[in-house]
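Notes for the structure review
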Number of protein chains: 2
Amino acid sequence: MPSADRVRFAVVGVEHPHAANLASGLLAAGAECAGFHNRAGESDGAVARAFAAAFPQVTEVDDPRRLLDDPSISLIVTADVPDRRAAVAVAALHSGKDVLAAKPGCVSLDELAAIRQAVADTGRFWWVCFSERLHVRSVVRASQVVAEGRIGRVVQTIGLGPHRLSAPTRPEWFFDQARGGGILTDLASHQVDQFLHFTGSTQAEVVASTVANHANPGRPRFADFGELLLRGDAGHGYARVDWYTPDGLPTWGDGRLTVLGTDGYLEIRKYVDVAGVPGGDHLFVVDGAQTERVDCTDVELPFYPDLVRDITDRTERAMTQSHSFLATELAIRADLLATRAGHLA
Amino acid sequence: MPSADRVRFAVVGVEHPHAANLASGLLAAGAECAGFHNRAGESDGAVARAFAAAFPQVTEVDDPRRLLDDPSISLIVTADVPDRRAAVAVAALHSGKDVLAAKPGCVSLDELAAIRQAVADTGRFWWVCFSERLHVRSVVRASQVVAEGRIGRVVQTIGLGPHRLSAPTRPEWFFDQARGGGILTDLASHQVDQFLHFTGSTQAEVVASTVANHANPGRPRFADFGELLLRGDAGHGYARVDWYTPDGLPTWGDGRLTVLGTDGYLEIRKYVDVAGVPGGDHLFVVDGAQTERVDCTDVELPFYPDLVRDITDRTERAMTQSHSFLATELAIRADLLATRAGHLA
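These lines cover the structure that appears in this document, whether it is placed above or below. (Residues numbered from 1 in each chain as written. Chains lettered and ligands numbered in written order. Predicted model: local features only at pLDDT ≥ 70, side-chain atom pairs only at ≥ 80, totals over all residues. Heavy atoms only, no water.)

Quick word on the relation of the copies chain B and chain A
For these two chains of identical sequence, chain B goes onto chain A by a turn of 180° and a shift of 0.0 Å along the axis, with RMSD 0.0 Å. Both copies are brought into coincidence by an operation consistent with a two-fold rotation axis. Minimal C-alpha distance to the rotation axis in chain B is attained by Ala208(B), lying at 3.4 Å. The share of interface residues of chain B whose copies in chain A are also at the interface is 100%, consistent with both copies meeting through the same surface. (Least-squares fit on C-alpha atoms with pLDDT ≥ 70 in both. Contact = heavy atoms within 4.5 Å.)

Below, the structure is given as structure tokens:
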């Protein structure tokens, strides 16, 4: 029996392991999972089977309409193949549900326009979970440091998002940017999110961008390197993403963020401090008085609790609607505008 | 008495403390200093007095022609006000001397064209000392790591060149970019040098650049922030420079360089490892097998010994002539092309 005071969600599209991360976050925030659906024939179903095994209490349903038409469900989560996420979102919005998508929320400007229209028509929310900020304690702590004024006014962010390719584990759609999104649409959407968040920009343009294939000549539709230069109404931004993480690194990627302020700066080594202190969440702050390695162990992640409250209160604590739109739009535009280099077709 | 087998140099223009660094490097490499001249009235002469005190064995001469016309002198060093360095260089080249300039080697494309012409006419060398690579043991060691093939083919460099402003210690020309050079011409020439060096690019273009004044509204002709995006024939590059280094940092700037390869990457924290290991020259390498903090204590700096040999042998071991030209040209072009932001006039 659904409890009247708990937010209920369902998952439609379980083609990326991020589905489990989103579900876990919502469950930990007190939401209830009403079921999941994954489209037959989209893949070998391995991700959906792993999801079912991880959440044995969650029922799989054959017809997604059973979830979309269930009035007790407020939120549809999707981690479908990226080029299907917009269709899932639009259907969910028109069914009166809010939507939380794994990133990328969609892979084309046309899809984004359809989502914008559906949000405008329905008054529902469409969020994208930019997990490289929202799931990372050191990044949340960094936001607090900035808010405390310790580094002055933020001038610029530099984000690095290297990833390990692990090619044999990837589904076929991963290597086709029409399905998975370009490298900037996919990986750099996190970076755009962080740029907008830390500079406080609400308008921005892609000044220049590059996508390239330098290490995978056998996969000409796959970009293994991408970069973009951003200029916002409240700061500058640069980001680089790549699929070159070597096996010697003890984690999947050495994600970094540098936030430059007029009176100081901070650096986050999110997942690893290379040849340094073990563990993740390494935050360094330099201000007018000192250099400091900031402990982030006890930082709470507000995203999912805020999101659950936003669903009931119709507020925008977790993320503004316009932020989800702008971050997604800039990442897609960066791919469309990019100069292409190397082995790319 | 000059010894016949030692390279003799003289310094013309002592307006920046880099004059002492260059002279020290040459002396340590076995060259002999034949004298120095500084133009009267250019400044209060404080830098030249400090130079004279640091090198009491070096004679000051009133007329630079005495140095330019001395056939025992092979090399003219200059750290004049940047907008005078080209004139010093051209006069020296036409007097049959090689030239070693502090960076920036000049501040305009017209000046650079005059230097190129003088080099072409005389067959002499014009070098710019990009000290943030050539004086730094960890960067020299990084070059060796790349040459060993540990990170595969270099795809990209990201350079950060933050500096402490220390405004009260700066001469008036420092705040006038027509005299001192723009922030990209000045600070980012180091970054361009490192990009060309590590990617192995011999041709490159400035894709986009920005200069801004975000923290010094009272000095509208001074840029305190700059960035540039570079695309070379052998790799990509991004660099940011700024004058925001806060007092809490125990050194003048947290200079960084990240070199991304197809099979690994390296990071250099040149002058400080924030809230980490004391000292400078922190080199980190990640390759297919491991992460490693590389000891750079015993690395020898080859630049000045190579330069002294190049003068006698007419070789290009220390730096190719075309590299000095290209690094300087790109840095100046980046300033000319830059989008301007903030309080800049």
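Some points on empty space enclosed by the protein
Taken as a whole, this structure holds 5 cavities of 30 Å³ or more when the rule is applied. In this structure, the largest cavity encloses a volume near 360 Å³. Lining the largest cavity are 30 residues; nearest its centre among them are Leu160(A), Arg256(A), Thr258(A), Thr258(B) and Glu267(B). Elements represented by at least two residues in the lining of the largest cavity include exactly strand S6 (154-162), strand S9 (235-242), strand S10 (256-261) and strand S11 (264-269) of chain A together with strand S6 (154-162), strand S10 (256-261) and strand S11 (264-269) of chain B. Here the lining of the largest cavity takes 5 residues from S10(B), the largest share from any one element. When grouped by side-chain class, the residues that make up the lining of the largest cavity number 15 nonpolar, 6 polar and 9 charged. (1 Å grid on protein atoms, 1.4 Å probe; cavity = no way out; pocket = protein on both sides within 12 Å on 5 of 7 lines; lining within 4 Å. Points joined across faces, edges and corners; volume = space filled by probe spheres on them. Helix = DSSP H or I, 4+ residues; strand = E, 2+ residues; numbered from the N terminus. Nonpolar A, V, L, I, M, F, W, Y, C, P; charged D, E, K, R; others polar.)

So, the layout of surface pockets
Residues and elements named next belong to chain B. Approximately 900 Å³ is the volume attributed to the largest pocket. Taken together, 41 residues line the largest pocket, and the ones lying closest to its centre are His16, Pro17, His18, Arg170 and Trp243. Secondary-structure elements contributing two or more residues to the lining of the largest pocket are helix H1 (18-28), helix H2 (46-54), helix H4 (82-94), helix H6 (131-134), helix H8 (177-180) and helix H9 (183-186). A breakdown of the residues in the lining of the largest pocket according to their chemical character gives 17 nonpolar, 14 polar and 10 charged. When residues of the lining of the largest pocket are assigned to domains, at least three fall in each of domain 1 (8-129) and domain 2 (136-300 + 333-342). Considering only enclosed or pocket space, the second largest pocket measures out at about 560 Å³ in volume. (Domains from an automatic or database assignment.)

Digging into the nonpolar core
Counting 85 residues, the largest nonpolar core has Leu26(B), Leu100(B) and Trp126(B) as the members making the most contacts within it. With 7 residues, helix H12 (residues 321-337) of chain B is the largest single contributor of residues to this core. When near neighbours in sequence (up to four residues on either side) are disregarded, Trp126(B) contacts Ala89(B), Val99(B), Ala101(B), Gly105(B), Leu112(B), Ile115(B), Val119(B), Gln321(B), Ser324(B), Phe325(B) and Thr328(B). Val81(A), Ile183(A), Leu184(A) and Phe325(A) belong to the second-largest nonpolar core, a separate cluster that totals 83 residues. (Core = buried A, V, L, I, M, F, W, Y, C linked by side-chain atoms within 4.5 Å. Buried < 20%, exposed > 50% of the residue type's maximum accessible area, 1.4 Å probe, protein only.)

Observations regarding the environment of Ala142(A)
Residues and elements named next belong to chain A. Structurally, Ala142 is set in helix H7 (residues 137-147). According to the relative accessible area criterion, Ala142 is buried, its value standing at 0%. Between the C-alpha atoms of Ala142 and Leu283, which are 141 residues apart in sequence, the distance is 7.2 Å. Beyond its immediate stretch of four places on either side in the chain, Ala142 contacts Phe198, Leu266, Ile268 and Leu283.

A closer look at the interface of chain B and chain A
Listed as interface residues are 51 residues of chain B and, on the opposing side, 51 residues of chain A. Taking both partners together, chain B and chain A bury about 3,900 Å²; carbon and sulfur atoms supply 61% of that area. Summed over the shared surface of chain B and chain A, the result is 2 salt bridges. The partner of Arg256(A) in a salt bridge is Glu267(B), with the nearest N and O atoms 2.7 Å apart. Residues that form the side of chain B that touches chain A fall into these classes: 22 nonpolar, 14 polar and 15 charged. (Buried area = accessible area lost by both parts, 1.4 Å probe. Salt bridge = Lys/Arg side-chain N within 4 Å of Asp/Glu carboxyl O.)

A word on the packing of aromatic side chains
According to the stated counting rule, one finds 23 aromatic pairs over all chains in the structure shown. Consider the rings of Phe174(B) and Phe175(B), whose centres lie 4.9 Å apart with planes at 85°: the pair is edge-to-face. Measuring from centroid to centroid gives 5.1 Å for Phe175(B) and Phe222(B), while their planes differ by 70°, and the two rings are edge-to-face. With Phe175(B) in the loop between S6 and H8 and Phe222(B) in the loop between strand S7 (204-213) and strand S8 (225-232), this residue pair connects regions lying 47 residues apart in the sequence. Each of the two residues, Phe175(B) as well as Phe222(B), counts as buried. An aromatic cluster is present here, built from Phe174(A), Phe175(A), Phe222(A) and Trp243(A) joined pairwise through their rings. In this structure, Arg219(A) is placed above the aromatic ring of Phe175(A), and the distance from its NZ or CZ to the ring centre is 3.7 Å. (Phe/Tyr/Trp six-rings, centres within 6.5 Å; stacked < 30°, edge-to-face > 60°. Lys NZ or Arg CZ within 6 Å of the ring centre and 35° of its normal.)

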